[in-house]
Each structure stands twice: as C-alpha cells, then as structure tokens.
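Here's the letter readout for the chains.
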Amino acid sequence: MSIFNNKTNSPDKCTCKKCGVEVESSVLSQSAYICPECGTYMRMGALQRLELIADNKSFKEMDKSMKSKNPLNFPDYNDKIEKAMTASGLNEGVICGTAKVDGNPCAIFIMDSNFMMGSMGSVVGEKITRLFEKATEKNLPVVGFCTSGGARMQEGIYSLMQMAKVSGAVKRHSDSGNLYIAVLTDPTTGGVTASFAMLGDIIMAEPKALIGFAGARVIEQTTGKKLPDGFQRAEFMLEHGFIDIIEERPRLKYTISKLLKMHSHVE
Amino acid sequence: MSDKIKPYERVQAARSNARPSGGYYLKRMIDNFVELHGDRRYGEDGAIVGGVGFLNGRPVTAIAMERGATIEERMQRHFGCPTPEGYRKALRLMKQAEKFKRPVICFIGCSGAYCGVDAEERGQGEAIAENLFEMMGLKVPVISVVVGEGGSGGALALGVGDTVVMLENAVYSVISPEGCASILWKDSAKAADAAEALKLTAYDLNKFGAIEKVIEEKGKTSEEICDDLKEFIVKELDAKRKKSTKDLLDERYNKFRKMGVY
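Residues numbered from 1 in each chain as written. Chains lettered and ligands numbered in written order. Predicted model: local features only at pLDDT ≥ 70, side-chain atom pairs only at ≥ 80, totals over all residues. Heavy atoms only, no water.

A. Local environment of helix 4 (residues 84-99) of chain B. The terminal C-alpha atoms of helix 4 of chain B lie 23 Å apart, and with 16 residues this matches the ideal 22 Å at 1.5 Å per residue to within 8%. Two residues or fewer past helix 4 of chain B, Lys101(B) is found with a positive phi of approximately 55°. (Helix = DSSP H or I, 4+ residues; strand = E, 2+ residues; numbered from the N terminus. Expected span 1.5 Å × (residues − 1).)

B. Main features of the pairing of strand 6 (residues 142-148) of chain A. Residue and element names in this part refer to chain A. Among the 7 residues that make up strand 6, 7 are buried, leaving the element largely enclosed by the rest of the structure. Side chains Val 142, Gly 144, Cys 146 and Ser 148 project from strand 6 onto one buried face, and the interleaved Val 143, Phe 145 and Thr 147 project onto a second face that is buried too. Across 4 bridges, strand 5 (residues 104-111) lies against strand 6 in parallel orientation. Within the sheet, the bridge partner assigned to Phe 109 lies in strand 6 and is Gly 144. Once you follow strand 5 into helix 4 (residues 122-137) and on to strand 6, the crossover reads as right-handed. Sheet topology note: the strand 6/strand 7 (residues 180-188) ladder contains 6 bridges and is parallel. (Buried < 20%, exposed > 50% of the residue type's maximum accessible area, 1.4 Å probe, protein only. Pairing = 2+ DSSP bridges. Right-handed = clockwise from strand over helix to strand, strands pointing away.)

C. The interface of chain A and chain B, seen in detail. The interface of chain A with chain B comprises 53 residues on the first partner and 47 residues on the second. Buried area between chain A and chain B, summed over both chains or domains, comes out near 4,300 Å², and the portion from carbon and sulfur atoms is 73%. One can count 3 salt bridges joining chain A with chain B. The salt bridge involving Arg257(B) is made with Glu126(A); its shortest N-O contact spans 2.9 Å. Our count for the chain A to chain B interface comes out at 14 residue pairs in polar contact (both at pLDDT 80 or more). Looking at the side of chain A that touches chain B, the elements with two or more residues in it are helix 4, helix 5 (156-175) and helix 7 (216-223) of chain A. A per-element tally of the side of chain A that touches chain B places helix 5 of chain A first, with 17 residues. Taken together, the residues that form the side of chain A that touches chain B break down as 28 nonpolar, 16 polar and 9 charged. (Contact = heavy atoms within 4.5 Å. Buried area = accessible area lost by both parts, 1.4 Å probe. Salt bridge = Lys/Arg side-chain N within 4 Å of Asp/Glu carboxyl O. Polar contact = N/O pair within 3.5 Å; in protein donor to acceptor, adjacent residues only side chain to side chain. Nonpolar A, V, L, I, M, F, W, Y, C, P; charged D, E, K, R; others polar.)

D. Looking closely at the sheet that holds strand 9 (residues 245-246) of chain A. Residue and element names in this part refer to chain A. Reading across from one edge, 3-4-5-6-7-8-9 is the order of the 7 strands in this open sheet, with mixed pairing throughout. A strand with exactly one partner marks an edge of an open sheet, and here the two such strands are strand 3 (60-62) and strand 9. Here strand 4 (residues 94-101) pairs with strand 5 via 8 bridges, running antiparallel. Looking at the pairing, Val 94 lines up with Met 111 of strand 5.

E. Broad picture of the domain arrangement of chain A. All names here are of chain A. Domain boundaries assigned for chain A yield domain 1 (1-42) and domain 2 (44-263). Computed from C-alpha coordinates alone, the two centres of domain 1 and domain 2 are separated by 22 Å. Counting from both sides, the interface comprises 8 residues of domain 1 and, opposite them, 13 residues of domain 2. Where domain 1 abuts domain 2, roughly 930 Å² becomes buried across the two surfaces, and 47% of that area is made up of carbon and sulfur atoms. Counting the contacts that link domain 1 with domain 2 gives 0 salt bridges. Run the count over domain 1 and domain 2 and you get 5 residue pairs in polar contact (both at pLDDT 80 or more). Along the lines of polarity and charge, the residues of the side of domain 1 that touches domain 2 split into 5 nonpolar, 2 polar and 1 charged. (Domains from an automatic or database assignment.)

F. Spotlight on the pattern of salt bridges. Inspection of the entire model under this criterion finds 35 salt bridges over all chains. For Arg43(A), the salt bridge goes to Asp186(A), with nearest N and O atoms at 3.0 Å. In this pair, Arg43(A) sits in the loop between helix 1 (25-30) and helix 2 (46-53) while Asp186(A) sits in strand 7, placing the two residues 143 residues apart along the sequence. Residue Arg43(A) is classed as buried on the basis of its relative accessible area, which comes to 15%. The shortest N-O distance in the salt bridge between Asp162(B) and Arg252(B) comes to 2.7 Å.

G. Structural detail: the nonpolar core. Core analysis: the biggest nonpolar cluster contains 139 residues, and Phe109(A), Leu184(A), Phe196(A), Phe107(B), Tyr172(B) and Leu229(B) have the highest contact counts within it. Ranked by residue count, the leading element in this core is helix 5 of chain A, at 9 residues. Grouped together as the second largest cluster of nonpolar side chains are 23 residues, Ala54(A), Cys106(A), Phe145(A) and Ile181(A) included. (Core = buried A, V, L, I, M, F, W, Y, C linked by side-chain atoms within 4.5 Å.)

H. Inspection of the confidence of the model for chain B at higher detail. Overall, the predicted model of chain B reaches an average pLDDT of 96, with 99% of residues at or above 70. In the predicted assembly, ipTM is 0.97 and pTM is 0.96. (pLDDT = per-residue confidence, 0-100.)

I. Broad picture of empty space enclosed by the protein. Tallied over the full model, the rule gives 1 cavity of 30 Å³ or more. Forming the walls of the largest cavity are Thr193(A), Gly212(A), Phe213(A), Met237(A), Glu120(B), Gly123(B), Gln124(B) and Gly125(B). Here the lining of the largest cavity is composed, by residue class, of 2 nonpolar, 5 polar and 1 charged. (1 Å grid on protein atoms, 1.4 Å probe; cavity = no way out; pocket = protein on both sides within 12 Å on 5 of 7 lines; lining within 4 Å. Points joined across faces, edges and corners; volume = space filled by probe spheres on them.)

J. Broad picture of the packing of aromatic side chains. Residue and element names in this part refer to chain A. Throughout the structure, instances matching the rule amount to 8 aromatic pairs over all chains. With centroids separated by 6.2 Å and ring planes inclined at 55°, the aromatic side chains of Phe 109 and Phe 132 adopt a geometry described as tilted. Here Phe 109 is found in strand 5, whereas its partner Phe 132 is found in helix 4, with 23 residues between them in sequence. Take Phe 109 and Phe 132: they sit in the same class, and that class is buried. (Phe/Tyr/Trp six-rings, centres within 6.5 Å; stacked < 30°, edge-to-face > 60°.)

K. Geometry of the packing of helix 4 of chain B against helix 6 (residues 124-135) of chain B. All names here are of chain B. Between helix 4 and helix 6, the shortest axis-to-axis distance is 8 Å and the interhelical angle comes to 20°. The angle between helix 4 and helix 6 falls in the class roughly parallel. The way helix 4 lies across helix 6 gives a crossing that is left-handed. On the side of helix 4, the interface is formed by Pro 84, Tyr 87, Arg 88, Ala 90, Leu 91, Met 94 and Lys 95, while helix 6 contributes Gln 124, Glu 126, Ala 127, Ile 128, Glu 130, Asn 131, Glu 134 and Met 135. For the contact of helix 4 with helix 6, the per-class residue count stands at 8 nonpolar, 2 polar and 5 charged. (Axes fitted to C-alpha atoms, helices over the stretch in contact; angles between N-to-C directions. Parallel < 35°, antiparallel > 145°, perpendicular 65-115°, else oblique. Left-handed = near helix turned anticlockwise from the far one by under 90°.)

Here it is, written out as structure tokens:
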C-alpha cells in the first residue's frame, strides 16, 4: 500500500495517506518524497529514485526495451503487464545501467513497485543478471535498490528460477572481488528477499521499510498468533542482525558514495 | 505421458500422507547412513535430515526434507517445512561434502519454507539466499530430486543442482495453487484452476527445461520407484564425476542462466 495517493510517476498533487496533508509534487520531489508534514516515507518510482541517487546525466541504461512475454499463457497476464507499463512508465519492474554516484562509477539497478508490485519474472531476473555480469566484466561495484512483493506467479517456474539465476550472477560478481551494496526499500519480501536482496556485502535499508520472507498476513493466519509490534520492519531486521545500516533517505547518496570510494581504493 | 491426470490431482498425490517423504528415499538408497545434526549456529531442525553414507559403494552427502510418519513426529518436524536452521544445516553439510570431495544428493518435498515469527526473526530469507549463492559455487556434483511437493523458495534452497530430477507425481511451483488462487481470484477454492495455469507438473517442467528428468511412477511400488531413481542418480554422478571443476560449475551456472522467457 503506497503511503501517498499517487497513481502515476509524477502527479501534480499527492495526499499523504498517513496524515492526510496534500502536497505539491514539486515540493515532494525536493523533500526526497518524505511527507513534509509527518515525515512518512513515500514509495518512489525507479526514475525518481535514480534522480535522487545518480549524478545528473550519468546513467546509461541497459536493456531498456526488454519486455515480458507470457510463457505459460497465464490468464489476464498480458493485461496486467499493459496496466503496469502505464502505471510505472517503464517496460518492466526494474531499470538497470551504469552510473556515477558523487563521481564514483557503479552499476545500478532500481526496482519499481508501481510495476506489478516489483514482482520478479523472467525480465527482472534477466536484466539484473546481465547487470551483475557486466559489472563483473568491467570490475564495477553494484548498487541495487530492492522493492518487491516477491516472485511473479504468472510466470510459474520461470519466475522461481530467477532466484537461482540472479544469485549465481551475484556469486560470480562477489568472487571477482567486487562490491555489492543492496538497499532494501519498502517493501522487500518473498523471493527477492530470499535471493539477491540478502546477498549484499553491505545491506542498507530505509527506515521502517517492510522486509521479510513470508507475508505478515500469511504468518498470522498460519500460526494464529498476533505479530509483535514492528515485525518485519527495517529496525526489526537490524535488531536481529540481518541489516548493516538503516539510513535516512536524504543521506543515502552520501553514505553510498562514501562506501563506493572506500572500496575503489586499490593497494 | 499420462495427460489425463489433472495437475491438481498430481498436487494431491504429491501431498498425500501415504506418499513416502524425502527420508524414505535417502534411507533406502544410502547404505551405512550416519545422520549429522545441527547448523552449529543456533539449532537442529527435524524437517531436514542430513548426513553421510555410501551410494553404490561410494561416499556421498545426502540431505532430505522429512515430514515424519506419526502425528507426533510431524509436529516435531513441523510437517517437513524447514526452518532457517534446516537450510543452514544443509549448507554446512554441503560445504563439508566439498571439503571431502564427495557429491551431494538432495531430496526435496515440502509445502514451503517454515512460516512463523521465529523463522523470520532468524532470517528465513537470508538462509535461503545463502544456499542459492553457495550451491551455485559448490565444487562437487549436486543432484536434486523433487520427490513430493516442491514448494517455492523453500524447495529451491536445495534445488540448485547439476541435475534436477522429479518423480512423476511430484510438483514444483513458485506458489501453492491455493495461494495463487487466493491472491489472484480471492478464492482458494479455485486451486485446481490455478494448478492448471501454473504448469507445475514434472512433465511441464521437463518441457520448459527447468528439470532434466522425470522418473515414472505409474504401476510401480515405492521400492521400484526408489530403485529406478537410484539407478538414474548413480549414472548421473558417474558422468558428473568425470568433469573438471570448472566445467561442472560453468555448466551449472549456464543451465540456470538460460532460464526465463523474454
């Protein structure tokens, strides 16, 4: 559930779902999509996120035109893809490419929850795999912004196998001695958590982001127990030892660039 | 190919209490099995049985998801759904197999990874991710067999094999048909339709290249099925043992690398 009531990537006005205040989108973009009234973090589209993190005009996109097919001929899937393309302004749920962050070169992927909840099908898996392979070849660090409801069930087993495929590419990138910073944003769950989201050398998260494997509602139904306060939030994950840093959105770029700089130093 | 059997019937067969669980195949196939317990980090998970033994006279590491026979045992093994400790134990045993240069055989059958507050607190997602990552680089042959219900990431966590084989009435899916129907159509009673749409049978997955082999079950006893499976695994391991480590790992990587339609 998006905190703000914005149906497209750049509407004129948004309403904070938490406090109800109406904010001009130009004001929002200047405040890094944090509600100026109550401080709630709004979910960001991939292009908005790119603007926040990458240096101006430094992004060179890869595989922009790759689109999903319907390999299982799954009912209504084609329609859903069309709608997701309109909702996100993207061809699929992730953008990938090379960029600079405060002058530091890196490969970057940014998932977009406006595209079928950032779910991972063949295209998302293939694009991220290619990015890691390119980064391995060019000795580049990878910065990856994760947001996903999990696997894309409309692609059945192909979707599940993306978890293994991407993890393999992350492994080869890691074995080549290169850095991978995963940044977990609201929400990061399911098959993405159980693969590349949790494989970063450094795992960062935005405050209060929902991060977990099984869905909270499913756990509640299965166990019949009430969930503890703050369950599966970034702070909960940090407390249990699964996240390195919770960083506030306005400081993300600064912290990432520091880490990139430290890892580009060769003795 | 028996196309007349509907996918949801296969799902029900895969889940049937009468159907042998992973441990059955392990015990029948592996001689002198010595079970090894615990993840050396936090605990011991009864949903995963692992250890060392001989397969046709050669040492192997064998790991199986096990539901348990009696109701008490099922409670204790939480119906074969592994906790993070189970996956970490499996990984520990795989790394041990790598050290001693013996192949790994994994028997998969669970409705999914164990679902609970405690599993989340101890990093269910991280445990599965780590297995995928490490299995992709494991320097010994890995054969994975789906013997029952292959439930999503919880199954895949033991499924990054050089060869993945399925029994004819096993299923392997990104989500349970009930879960899929409930999310998409707000009606878990439409599970049979979802099972159809998800294409989760062994024959479907073989056609997609997600698995390499289907072991037929029709008209055979459990013992016969297990013996056919054993014969296949022994042959596969003979072929994989001849490969250099580099070829083995490249072929494993490239096999999964090719999966997807775009």
